[in-house]
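# Descriptive structure summary
As a plain string of letters, each chain reads:
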Amino acid sequence: MVRLQKFLASCGVASRRGAEDIIKQGRVWVNGEKVTQMGVTVDEDYDEVKVDGEVVRTENKKMYIMLNKPVGFVTTVSDDKGRPTVLDLVSDISMRIYPVGRLDYDTEGLLLLTNDGDLTYKLTHPKSEIPKTYVAEVTGNINMETLEKLRRGVVIDGVKTSPATVEVVGATRLGTKLEITIHEGRNRQVRKMFEECGCIVKHLERIREAGLNLGHLPRGKWRKLSESEVNMLKNIGKVNNKPRYNKYKNRGGKKYE
Ligand code: URA
């Protein structure tokens, strides 16, 4: 037996959190009965689960892709303002896939999409602290003090950002070019961090995420992740392919050898 939202995520209906929303919206039926509360479990082999009237089944085939998102696309499945979405750029894929996390409308670069709800959950969960690297071109005074402030963390929306890696990598006609790596995914985080230091981000591109590089993937194009890239993502958070354990737990304070 498996929890209903986990089952829906494994079928590629949505991420686990998205599946919870779909359940709350009263769009899910199990064996002819509407389910709107969490806590229901299903047997994948025997129970009939419908979403919006359509039977869903475990989809064994998973798809993992990297897209080089251009500016001018929203990272949602649909947009109430009618703007183009990242799914318009992968319309040649018949499988239903979803963005892993978000990039702003005006940010470009590496965006992962998949129908693997479990992986999406892991990669977007704040506890995972997945590293994300951006190249930012900014105007304003970038001095040692600004860099130290960004590295230590700045208060945005009332909460201090966690330590970041920040390096100046060049100068352009727009201003200073920096590489910044953060381990959180807060709304417009990089832009707000620079704003807090009196600088304006003029151009922002994500070049790395979770150990994957954007490389030379052309803007607006996508590629499938290789098997080793997928395995690498699946193994994040595990030590020697085993679940991470607390080294000091139940050992009278002694470390495991
Ligand atoms: N930080 C931002 O400000 N925007 C993004 O799209 C991603 C990170």
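This write-up is about the structure you can find in this document. Given the structure is predicted, the values throughout are model-derived calculations rather than measurements.

Thresholds, definitions, all that
Residues numbered from 1 in each chain as written. Predicted model: local features only at pLDDT ≥ 70, side-chain atom pairs only at ≥ 80, totals over all residues. Heavy atoms only, no water. Near = heavy atom within 4 Å. Polar contact = N/O pair within 3.5 Å; in protein donor to acceptor, adjacent residues only side chain to side chain. Areas by Shrake-Rupley, 256 points an atom, 1.4 Å probe, with all protein chains shown as cover. 1 Å grid on protein atoms, 1.4 Å probe; cavity = no way out; pocket = protein on both sides within 12 Å on 5 of 7 lines; lining within 4 Å. Sits in = over half its atoms within 2 Å of the grid points. Helix = DSSP H or I, 4+ residues; strand = E, 2+ residues; numbered from the N terminus. Core = buried A, V, L, I, M, F, W, Y, C linked by side-chain atoms within 4.5 Å. Buried < 20%, exposed > 50% of the residue type's maximum accessible area, 1.4 Å probe, protein only. Contact = heavy atoms within 4.5 Å. Points joined across faces, edges and corners; volume = space filled by probe spheres on them. Nonpolar A, V, L, I, M, F, W, Y, C, P; charged D, E, K, R; others polar. Pairing = 2+ DSSP bridges.

In this section: the site of the ligand. Lining the immediate environment of the ligand, one finds L103, D104, T107, Y134, R188, Q189, V190, R191 and L204. One of the backbone N or O atoms of V190 is found 3.2 Å from a nitrogen atom in the ligand. R191 is positioned such that a nitrogen or oxygen atom in its backbone is 3.1 Å from an oxygen atom of the ligand. Here the ligand has 230 Å² of accessible area as a free molecule, and 94% of this is covered by the chains. With respect to the pocket detection grid, the ligand is positioned in the largest pocket. Of all the elements, helix 5 (residues 189-196) adds the most residues to the shell around the ligand, at three residues.

Let's shift gears to the nonpolar core. Formed by 33 residues in total, the largest nonpolar core has its most connected members in V138, I180 and F194. When contributions to this core are tallied by element, the ones reaching two or more residues are strand 7 (64-69), strand 9 (108-114), strand 10 (132-139), helix 4 (144-152), strand 14 (175-182), helix 5 and strand 15 (200-209). The contact partners of I180, leaving out residues within four places of it in the chain, are K132, T133, Y134, T165, V166, V190, M193 and F194. With 17 residues, the next largest nonpolar core counts L8, A14, V28 and V56 among its residues.

This brings us to empty space enclosed by the protein. Across all of its chains, the model carries one cavity of 30 Å³ or more by this definition. Its volume calculated, the largest cavity comes out at about 30 Å³. Forming the boundary of the largest cavity are Y64, I65, V100, L112, L113, T114, L119, L225 and L233. Sort the elements by how many residues they give to the lining of the largest cavity and strand 9 lands first, with three residues. Grouping the amino acids of the lining of the largest cavity by side-chain chemistry returns eight nonpolar, one polar and no charged.

With that out of the way, let us pick up the pairing of strand 14. Strand direction decides the pairing type here: strand 10 and strand 14, joined by seven bridges, are antiparallel. Residue pairing across strands places V135 opposite E179, the latter belonging to strand 14. Strand direction decides the pairing type here: strand 13 (residues 165-172) and strand 14, joined by seven bridges, are antiparallel. Directly across from V166, in strand 14, lies its bridge partner I180.

Turning our eyes to something else, we now look at the side chain of D79. Position of D79 among the secondary structure elements: in the loop between strand 7 and strand 8 (98-99). Here D79 falls in the buried class, since its relative accessible area comes to 17%. Polar contacts involving the side chain of D79 include one to the main-chain amide nitrogen of R83, which spans 2.9 Å. When residues no more than four places from it in sequence are discounted, the contact partners of D79 are V74 and T85.

The topology assignment puts I93 in the loop between strand 7 and strand 8. When the C-alpha atoms of I93 and F7 are compared, they prove to be 22 Å apart, with 86 residues separating the residues in sequence.

Attention now goes to the sheet that holds strand 2 (residues 28-30). Read across the open sheet, the four strands follow the order 3-2-5-6; overall the sheet is antiparallel. The strands lining the two open edges of the sheet, one partner per strand, are strand 3 (33-35) and strand 6 (54-55). For strand 2 and strand 3, the ladder comprises three bridges, and the chain directions are antiparallel. What sits directly across from W29, in strand 3, is K34.

For the rest of this paragraph, the subject is the layout of surface pockets. For the largest pocket, the calculated volume is near 1,000 Å³. For the lining of the largest pocket, the secondary-structure elements that each account for two or more residues are helix 2 (16-24), strand 8, helix 3 (117-124), strand 10, helix 5 and strand 15. Considered class by class, the residues forming the lining of the largest pocket number 15 nonpolar, 14 polar and 13 charged. Considered as a void within the structure, the second largest pocket measures approximately 340 Å³ in volume. In the lining of the second largest pocket, the residues fall into eight nonpolar, one polar and six charged.

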